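Tertiary structure, described
One letter stands for each residue in the lines below.
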Amino acid sequence: MIRWRLRILMAEKKISNKELAALSDIHPTSISKLKNTDEIEQISGRVLNNLCNGLTKAYRSRGEDRIITPGDLFDYTFDSDGNYTESNV
């Protein structure tokens, strides 16, 4: 299972939807929708890049010299429930 961690990263530094929207050039409504989901079906490379850039700027503005990468936005755990088949690829 792939879990979406945007909400966690934003909460760590108390980043508001409005602030991340301004830093990432993504509409605040889109930020809200992305933040309020635990699983994400798909996301474009442009949006993922903009989120990483915006989060990196927000973290740096709070004194943490950290670069947020796509890997920071996702957690993966192996699905052992047998739902995966080659036809799902």
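Basis of the calculations
- Residues numbered from 1 in each chain as written.
- Predicted model: local features only at pLDDT ≥ 70, side-chain atom pairs only at ≥ 80, totals over all residues.
- Heavy atoms only, no water.
- Core = buried A, V, L, I, M, F, W, Y, C linked by side-chain atoms within 4.5 Å.
- Buried < 20%, exposed > 50% of the residue type's maximum accessible area, 1.4 Å probe, protein only.
- Helix = DSSP H or I, 4+ residues; strand = E, 2+ residues; numbered from the N terminus.
- Contact = heavy atoms within 4.5 Å.
- Phe/Tyr/Trp six-rings, centres within 6.5 Å; stacked < 30°, edge-to-face > 60°.
- Axes fitted to C-alpha atoms, helices over the stretch in contact; angles between N-to-C directions.
- Left-handed = near helix turned anticlockwise from the far one by under 90°.

The subject of this paragraph is the nonpolar core. In summary, soluble globular proteins display a tendency toward joint burial of nonpolar side chains. The biggest cluster of nonpolar side chains holds 19 residues, and the ones touching the most others in it are L6, L20, L51, L55 and L73. Those elements that provide at least two residues to this core are α1 (6-12), α2 (17-24), α3 (28-35) and α4 (45-61). It is α4 that contributes the most residues to this core, 7 residues altogether. The contact partners of L55, leaving out residues within four places of it in the chain, are L6, L9, M10, I15, L20, I68 and L73.

Moving on to the packing of aromatic side chains. With the rule as written, the count across this model stands at 1 aromatic pair. A ring pair is formed by W4 and F74, whose centres lie 5.1 Å apart and whose planes are at 55°; its orientation type is tilted. Separated by 70 residues along the polypeptide, W4 in strand β1 (residues 2-4) and F74 in strand β2 (residues 74-76) bring together distant segments of the chain.

It is the contact of α2 with α3, at a shortest axis distance of 8 Å, that shows an interaxial angle of 115°. Viewed along their axes, α2 and α3 form a crossing whose handedness is right-handed. Along the contact surface, α2 presents N17, L20, A21 and S24, while α3 presents P28, I31, S32 and K35.

With that out of the way, let us pick up the side chain of S24. You can see S24 is positioned in helix α2. A residue is classified by how much of its surface remains accessible, and S24, at 2% relative accessible area, is buried. When residues no more than four places from it in sequence are discounted, the contact partners of S24 are I31, N50, L51 and G54.

With that out of the way, let us pick up unusual backbone geometry. With the exception of glycine, most residues fall at negative phi, and the peptide bonds are largely trans. Positive phi, normally seen in glycine, also occurs at K14, with a value near 55°. Classification of K14 by relative accessible area gives exposed; the value is 73%. Even without being glycine, D25 reaches a positive phi, approximately 60°. Among the structural elements, D25 can be located in the loop between α2 and α3. For D25, a relative accessible area of 67% corresponds to the exposed category.

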